[in-house]
Amino acid sequence: MYKIFANKLLGVKMERVTKTLAVWFIVFLGLHLADFSLTIAPFILYLMVSSVSAGVMWQALVSDDNAENMKNMFMMPFDEKRFIFAYVSVLGIYTILTKTLGLIAVVIAVSVWSGTEILGSVLCMINAILMTACVYAARKHWVRCAVRSIMWGTAVMAGIFLLWDSVLFLPILSCSALLAVMLLAHVDAYSFYLCGSRTNRVIRKCMRPSVWRYLLRYMAAHKNYLANTAVMWLVACVLPVFLGRLEGVFVMPIGFAILSLNTPICILLSCDPDLEQAVRFLPGQKTAFCVPYCLFIFLCNIAADLIFLGSWYVINGGFVGEYGMKSMDTMSVYVILTAVFFALQSAVGSVFMEWFCPVRGWKIESDLWHHPRKYIVPALMLLLAGVVGTAPMVTPVMIVTLIVEVLILLVQCRRC
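Residues numbered from 1 in each chain as written. Predicted model: local features only at pLDDT ≥ 70, side-chain atom pairs only at ≥ 80, totals over all residues. Heavy atoms only, no water.

S.K.: Even after reading the chapter, I still don't get the environment of Val291, so can you show me in this structure?
M.R.: Along the chain, the position of Val291 falls in helix H13 (residues 285-316). Take Val291: its relative accessible area is 8%, and that puts it in the buried class. The spacing of Val291 and Val351 is 60 residues in sequence and 8.7 Å in space, taken between C-alpha atoms. (Helix = DSSP H or I, 4+ residues; strand = E, 2+ residues; numbered from the N terminus. Buried < 20%, exposed > 50% of the residue type's maximum accessible area, 1.4 Å probe, protein only.)

S.K.: Is there a simple way to think about helix H2 (residues 15-33) in this case?
M.R.: Think of an α-helix as turning once every 3.6 residues; residues three or four places apart then point the same way. The terminal C-alpha atoms of H2 lie 27 Å apart, and with 19 residues this matches the ideal 27 Å at 1.5 Å per residue to within 8%. Immediately downstream of H2, the backbone of Asp35 shows phi near 55°, a positive value. (Expected span 1.5 Å × (residues − 1).)

S.K.: Looking at this structure, how should I read a nonpolar patch on the surface?
M.R.: Together, Val238, Val241, Phe242, Val314 and Ile315 line one region of the surface with nonpolar side chains, adding up to about 460 Å² of accessible area. Where the nonpolar patch is concerned, the elements lending two or more residues are helix H10 (223-243) and H13. Along the polypeptide, Val314 turns up in helix H13. (Patch = residues over 30% accessible without salt bridge, like charges linked within 9 Å, V, L, I, M, F, W, Y side chains within 5 Å. Areas by Shrake-Rupley, 256 points an atom, 1.4 Å probe, with all protein chains shown as cover. Salt bridge = Lys/Arg side-chain N within 4 Å of Asp/Glu carboxyl O.)

S.K.: Explanation requested: the side chain of Ser350 in the structure shown.
M.R.: With respect to the element layout, Ser350 can be found in helix H14 (residues 328-356). Looking at Ser350, its side chain comes within polar contact range of the main-chain oxygen of Ser346, at 2.7 Å. Excluding residues within four positions of it along the chain, Ser350 makes contact with Cys266, Ile297 and Val377. (Polar contact = N/O pair within 3.5 Å; in protein donor to acceptor, adjacent residues only side chain to side chain. Contact = heavy atoms within 4.5 Å.)

Purely geometric numbers; function is a separate question.
Here it is in structure tokens:
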């Protein structure tokens, strides 16, 4: 039972784990040789590893690809306890080795830790993985599950914040993990099956095909994408508090670049291989799909940017009229044009990467969500933000580029 899940997630000969560990070692060695040091409180380390482990574990549990694989598993007779512990242990090993260990490598490379703190981090990872599995298994009784999960999570967080330097910390984590194991031993194995697949919903027939309808339905069916968008909107609300403290630099473009990190909406072709095959196979679909997709990403980006501008105006009292701007109105127009420019560049770059460099070969959706290719466009936006922020005289080039791209999109929309 263990080998069935391990072969899929870790590789038949553990090749995925070997490659990932090699990457983490290179990251650790590079940061260690750079002699970069940073002071991190132990309870912050415990909180980070717990949050990352729980988040990645949850993504792995709700993966559609896992649901399809488990549908075949449930057709065969099996021992429930062996199934549960094999499944949870493989997902836990996958989470720790391919995701959380990268965070640990970075933290150990830039700071000094004792053996007790490393042991505490390991227990935090194990406890977070087991707790997440328990919460997922009890999700059908969502009211009772929510109350117990909040109480349990609050108790663990309180232990991390208040008892991280106490001799009771490690025993408390061990007891929490043991409690999770006891709960998993008595749950129904079928509670781990993602029943009611999103692809099986009855959809009303429409006479006219529409890419916009598909995108909206896809977002509605994948609540985690909507949650990520909501998180970016919250970031847009609080970002002016931090960027407003920087003086002498035009930091608005940096905020627009950070808000382009809503990467889940930029991988819709990669996460749906059937859609990609249909788009590439049928004639005329390159324009018919890519143009609405680009506009969809642009609307998502500009919505976050407008929230950021509104929050900036409320918190910092308007826009600063510097860098040769003759009036506050001129500065406001410049800021809005900059927001539109960055939102459109991020959308065009994301669609370009999806069409020419789609992510393939992933096993479950968690691999796709954390693929490094997703961050190429946001990284380029940050570099461009540095250029625009320190050299505002590039405004004419920015405006000309914006006009040309808008005209091209309008022409392509008419062809669609």
